[in-house]
Structure formats: structure tokens, C-alpha cells
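# Chains, contacts and geometry: an overview
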Amino acid sequence: VSTQSTWGSRMVFFGSSQLLGDEFAQNLEVSKEVAKWNFQQRGVLRFSDVQHARSEDTGMTGTYRIREPLTYSVKLEEFKEGSWIPFTAEDVQLEFTMIDAYVRQSLKYDSNTKRHSLSFQAPDTYGVYKFAVDYRRKGYAPLIFYNQTTVRPLRLNEYERYIPAAFPYYASVFSMMGSFIIFGFVFLHLKE
């Protein structure tokens, strides 16, 4: 029986010492693989070189605007046979969360750069968000990490100058200005 805690501590209980014996070749291989797993010589994952930026930028920033295209990438590695090799799983998910997950998508592995990455659009709700990866699979140590970032609203000078849906309001403003000028002209120059 083997078990692994939430944070990756491992424990193995053997029901019989015969399992560790070398009477059968299969027992030796099984006990070696179980020992490697228990002493974290296999099934261990790590992350490094986390980057997030606007899709057109290359540098990492901490603040983004609403509805802005973002790119997130991370290098994931697995400890196998004494060295760290790229981890190529396609089921690693990224969550972009504030309180709830606004974006939850799988990271794509690129064999050229040996990185997992995802491009998506920031939500239209501003606030403090987390890029969260919580990867838990049988046989592997849990891989949990977060990065915090801010999504801000558009500044006053970043909105469109004239919004077509607001033309009725523009017309009402100009009609009120015209009415006020005509009323002022009539009131000042009309004699009884």
C-alpha cells in the first residue's frame, strides 16, 4: 500500500517481506520502482522560468488592461533517472482567477522551446488576479504554484472617442445647446 500527502510526502507499506525478496524477477523490478517512487527518484515535478506578458510584448509586467491579449508560459520538468527532463503532459491547466476562475484552459507544450504556454484574453472585469497551476496526478508529486497580477480598467484617454451607439445622446446634447442659444437670443432681443 502506498500513499502520498497533499504536498508530496510519500509512504509505502509492504504487506509481506516476500515482495522484497528476489525469488522472482518481477518482485525485484517492482520493489525497485516502488523504492524509486517512495524516495522521490521518479514522479517528481518542478517548475521554473514562469513568464506572463502582453501577447505582443516579451518582457514580464505586473499590470494589464481589461480585454488585453495575454501570454503565459512556464517550463515544467520531471526528475527521471537522475536528471531533470522536460515534462510533456498536455493536461496541465492554467486558471486565471479572482475569486472564481475567469479562464481555465490547458497549457500547450511546445517541443521547440520546451515550454508549456497559453495565449488568452484578459476578462473585462478589473481586479487582482492569480495565474494558478494546480496539477495533481497519480504517481506524480503535486505541482502547485501561483503568480499574482492586476487587471485595471481603461484610462479615460484609452476609450474610443466617438461611440456609434451613443449618437442619440450626442444628438440630444447638440439639440439642447442649440435650443439654449435660440432661447437666449429670443429672450435678450425680443421687445414687447
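Residues numbered from 1 in each chain as written. Predicted model: local features only at pLDDT ≥ 70, side-chain atom pairs only at ≥ 80, totals over all residues. Heavy atoms only, no water.

### Notes on the pairing of strand β12 (residues 143–152)
Selection criterion: Exposed residues in this analysis have more than 50% of their type's maximum accessible area, buried residues have under 20%, and partly exposed residues fall in between, with area computed by a 1.4 Å probe over protein chains only. Per the convention used, a helix needs a DSSP run of H or I reaching at least four residues, while a strand needs a run of E reaching at least two, with both numbered from the N terminus. Following DSSP output, two strands are said to pair if at least two bridges run between them.
Among the ten residues that make up β12, seven are buried, leaving the element largely enclosed by the rest of the structure. With three bridges joining them, strand β4 (residues 63–65) and β12 adopt parallel strand pairing. Each bridged residue has a counterpart across the sheet, and for Tyr 64 the counterpart in β12 is Val 151.

### What about a nonpolar patch on the surface?
Stated formally: In this scheme, patches are assembled from residues that exceed 30% relative accessible area and form no salt bridge. Like charges are connected within 9 Å, while nonpolar side chains (Val, Leu, Ile, Met, Phe, Trp, Tyr) are connected within 5 Å. Surface exposure here means Shrake-Rupley accessible area, sampled with a 1.4 Å probe, where a residue is shielded only by the protein chains that are shown. In what follows, salt bridge is the name for a side-chain nitrogen of Lys or Arg lying within 4 Å of a carboxyl oxygen of Asp or Glu.
On the surface, Ile 182, Phe 185, Val 186 and Leu 190 cluster together into a nonpolar patch covering about 440 Å² of accessible area. The class of Ile 182 is exposed, set by a relative accessible area of 57%.

### Comments concerning the packing of aromatic side chains
In plain terms, the rule: To pair, rings of Phe, Tyr and Trp, with the six-membered ring standing in for Trp, must have centres within 6.5 Å; the planes then decide the type, stacked if under 30 degrees apart, edge-to-face if over 60, and tilted in the middle. We call a charge positioned above a ring when the Lys NZ or Arg CZ atom is no farther than 6 Å from the ring centre and deviates by at most 35 degrees from the ring normal.
Evaluated as defined, the whole model comprises twelve aromatic pairs. Relative to Phe 145, the ring of Phe 47 lies with its centre 3.9 Å away and its plane at 20 degrees, an arrangement referred to as stacked. Of this pair, Phe 47 sits in strand β3 (residues 42–54) while Phe 145 is found in strand β12, placing the two residues 98 residues apart along the sequence. According to the relative accessible area criterion, Phe 47 is partly exposed, its value standing at 37%. For Phe 145, a relative accessible area of 4% corresponds to the buried category. Seen from the ring of Trp 84, Arg 46 lies directly overhead, with NZ or CZ sitting 4.1 Å from the centre.

### Observations regarding the side chain of Ser 73
Test applied: Distance and chemistry together define a polar contact, namely a pair of N or O atoms within 3.5 Å, with one atom able to donate a hydrogen and the other to accept it when in protein, and with adjacent residues in sequence counting only for side-chain atoms on both sides. Note on contacts: a residue pair is in contact if any heavy atoms of the two residues lie within 4.5 Å.
Take Ser 73: it is sitting in strand β5 (residues 69–80). In this structure the side chain of Ser 73 is engaged in a polar contact, spanning 3.0 Å, whose partner is the side chain of Arg 115. If we skip the residues at most four places from it in the chain, Ser 73 touches Asp 49, Val 50, Gln 51, Arg 115, His 116 and Ser 117.

### A few points about the environment of Gly 8
You can see Gly 8 is positioned in the loop between β1 (2–4) and β2 (10–12). For Gly 8, a relative accessible area of 5% puts it in the buried group. Taking the C-alpha atoms as reference points, Gly 8 and Ile 99, separated by 91 residues in sequence, lie 26 Å from one another. Not counting the four nearest positions on each side in its chain, Gly 8 is found in contact with Gln 40 and Pro 142.

Just geometry here; none of it tells us what the structure is for.
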